[in-house]
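Here is what each chain is made of, one letter per residue.
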Amino acid sequence: MRSIQRLLGFLVVAGALGAGPAHAQLQLNGAGATFPYPMYSKWFSLYTSVDPTARFNYQSIGSGGGIKQITEQTVDFGATDGPMTNEQLAAARGPIMHVPTVMGAVVLTYNVEGVKTGLKLTPEIVADVFLGRIVKWNDAAIAKANPDVQLPARDIIVVHRSDGSGTSYIFTDYLSKVSQTWSDKVGRGTAVSWPVGLGGKGNEGVTGLVKQTPFSIGYVELIYARSNQLPYASVVNKAGKDVTPSLESVTAAAASVTDMPEDFRVSITNAPGEDAYPIAGMTWLLVYQKQSDAEKGKKLVKFLDWMLTDGQKVVPDLHYAPLPPAVATKARASLAKITAPDGTALLGK
């Protein structure tokens, strides 16, 4: 009996010792943009092989929610596709840094019977559809841009985001540059007063609505259209060239940024260049410059450093564009500004 008790006692102690590594795991909580969510999910999974003690809990709730939660310090990092405004930064509980992660294309995806591929849109058409000025698929402007496409005489069902969204920021930033009417009446932002249309929550919600709604059109990040086998339009760019959204055409848009600002808040919509896709954007993780928890801050900085180096190598797998090398190098250098509560730099600790 005593020998059995000794054995059970040994197993309990051994079990407790074996559970040690699990207790050593540290979870980083984040929330925000749906635009890069597929990429972030892959990174978080891959990084556990680099640091088995790191765990991530990321809520894909939209850029507006990410900005709100990092401002209120209810998460360790936020995520947004629309940079925080000066007013939003001033309202935060300390300096917040924008760390660029990847670039992507916002595409016009559609569900039109008989039009499986090949739809071509001009900036004027895109603006007028979302302003509610063009209401039929066989409108003269769309027909002129697509002479070889049989367009139905059906109403256009517009789908947009219902939540605060960085994807909306990229899209409305583009529309504000190509349409004075849009700029005057609606403007740019993570949330705007849409003139027409149905609202869907997240890139997932817009994709779902377009997929189930005949004769609809909406805007989503490229991978959402591709993974749901939905077609997406090519768009005439600033140089007058018809460009299909792709890794290469997003990279061409980023090439227009010759002088990256120190805070990385930059727009690459409606970029010059014959190969540039015009509705492209950069996305960022938002982190406090002075971390409230030194241990979490150290984990976060190490992850960010990996993301800007080895993490960039897997970006094309999900149809995002990696950061230009010069931008990634500059972003890595900026990580030296992130400190513990006592002001000690966390990079390399």
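What comes next concerns the included structure. The written sequence of each chain sets the order in which its residues are numbered from 1. Predicted model: local features are reported for residues with pLDDT of at least 70 only, side-chain atom pairs are reported and counted for 80 or more only, and whole-chain, interface and lining totals are derived from all residues. Side-chain descriptors were evaluated using all non-hydrogen atoms of the structure, hydrogens and water having been removed beforehand.

Considering the sheet that holds strand β5 (residues 120-121)
What holds strands together in a sheet is hydrogen bonding between their backbones, with the strands either parallel or antiparallel.
Reasoning step 1: Strands sit in the order β5-β9-β10 across an open sheet of 3 strands; the sheet is mixed. Every other strand in the sheet has two partners, leaving β5 and β10 (242-243) as the edge strands with one partner each.
Reasoning step 2: When DSSP finds at least two bridges between two strands, those strands are taken to pair. Each helix corresponds to a stretch of at least 4 residues labelled H or I by DSSP, and each strand to a stretch of at least 2 residues labelled E; elements are numbered beginning at the N terminus. As paired strands, strand β9 (residues 234-236) and β10 are joined by 2 bridges and run antiparallel to one another. Residue pairing in the sheet places V235 in a bridge with V243 of β10.

With respect to the sheet that holds strand β2 (residues 54-60)
Reasoning step 1: Spatial strand order, β2-β1-β3-β11-β4-β8-β6-β7: 8 strands in an open sheet with mixed pairing. Of all strands in the sheet, those with a lone pairing partner are β2 and β7 (198-200), marking the two edges. The sheet shows a mean angle of 25° between the axes of neighbouring strands, direction not considered.
Reasoning step 2: Of the pairings in the sheet, the one linking strand β1 (residues 26-32) to strand β3 (residues 77-80) comprises 3 bridges and is parallel in character. Note that in β3 the partner of G32 across the bridge is A79.
Reasoning step 3: Throughout, a contact is declared for two residues whenever any of their heavy atoms are within 4.5 Å. Axis lines are fitted through C-alpha atoms, for helices just across the contact stretch, and the angle between N-to-C directions can take any value from 0 to 180 degrees. Packing of helix α3 (residues 37-50) onto the sheet brings it into contact with β2, β3, β4 (96-111) and β11 (280-288), and relative to β2 it is tilted by some 170°.
Reasoning step 4: In this fold helix α10 (residues 202-212) packs onto β2, β4, β6 (157-161), β7 and β8 (216-221), with an angle of close to 150° to the strand it touches most, β8.

Regarding the packing of aromatic side chains
Reasoning step 1: Side-chain rings of Phe, Tyr and Trp, where Trp is taken by its six-membered ring, are said to pair if the distance between their centres is within 6.5 Å; with planes under 30 degrees apart they count as stacked, over 60 as edge-to-face, and otherwise as tilted. Within this structure, the stated rule accounts for 21 aromatic pairs.
Reasoning step 2: Relative to F303, the ring of Y47 lies with its centre 5.2 Å away and its plane at 80°, an arrangement referred to as edge-to-face. You can see Y47 sitting in helix α3 and its partner F303 sitting in helix α13 (residues 294-307), a full 256 residues away along the chain.
Reasoning step 3: Residue exposure (1.4 Å probe, protein chains only): buried if accessible area is under 20% of the type maximum, exposed if over 50%, otherwise partly exposed. By relative accessible area, which is 1% here, F303 ends up buried.
Reasoning step 4: An aromatic cluster of three or more residues is present, and its members are Y37, Y40, W43, F44, Y47, F56, Y58, F77, F303 and W306.

Keep in mind that these numbers describe shape and distance, not what the molecule does.
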